[in-house]
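# Residue-level structural notes
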Amino acid sequence: MDKIYLFGAGINAYGIISYIGKENVIAVIDNNEKKQGNKIMDIPIISFADFLDQYDGKEVVITAAICDDMICQLENSNIENYSISPMVTTYFNEKILRVSF
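These lines cover the structure that appears in this document, whether it is placed above or below. (Residues numbered from 1 in each chain as written. Predicted model: local features only at pLDDT ≥ 70, side-chain atom pairs only at ≥ 80, totals over all residues. Heavy atoms only, no water.)

All right, on to helix α1 (residues 11–20) then. Of all the 10 residues making up α1, 7 are buried; the element is thus mostly covered by neighbouring parts of the structure. All of the buried residues in α1 are Asn-12, Ala-13, Tyr-14, Gly-15, Ile-16, Ile-17 and Ile-20. Taken from the residues just after α1, Gly-21 is the one with a positive phi, measuring 95°. (Buried < 20%, exposed > 50% of the residue type's maximum accessible area, 1.4 Å probe, protein only. Helix = DSSP H or I, 4+ residues; strand = E, 2+ residues; numbered from the N terminus.)

The next point concerns the packing of aromatic side chains. All told, the structure shown has 5 aromatic pairs when counted by the stated rule. Ring centres of Tyr-5 and Phe-51 lie 4.9 Å apart, and the angle between their planes is 80°; on these two criteria the pair is classed as edge-to-face. Linking Tyr-5 in strand β1 (residues 4–7) with Phe-51 in helix α2 (residues 48–54), this pair joins segments that are 46 residues apart in sequence. Each member of the pair, Tyr-5 as well as Phe-51, is classed as buried. Taken together, a centroid distance of 5.6 Å and an interplanar angle of 45° make the contact between Phe-48 and Phe-51 tilted. Here Phe-48 and its partner Phe-51 are both found in helix α2, 3 residues apart, which amounts to about one turn of the helix. You'll find Phe-48 and Phe-51 in the same group, each marked buried. The structure contains a cluster of three or more aromatic residues connected by ring pairs, namely Tyr-5, Phe-7, Phe-48, Phe-51 and Tyr-55. (Phe/Tyr/Trp six-rings, centres within 6.5 Å; stacked < 30°, edge-to-face > 60°.)

Just geometry here; none of it tells us what the structure is for.
Spelled out as structure tokens, the structure:
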């Protein structure tokens, strides 16, 4: 599997990472400044600007249920290699859910 970016550091990102494996995720993009600079399951959370600085054509998977703004950001930056993930339900460690930003 080629490595990908995830867009959205919400609860669904945990399910996607658990499903595909954290070794397959380059970084998680998030627009929330409080989340940027942190990690999700040892994967860095970066800003959209930082993503654009390092973008190399890899696929971006949008993890948010409401993603119109994310799609606009990507398309306005001429990034067409993206998809929208389904909501993934999996077991979450209670400690993970207590993380706050």
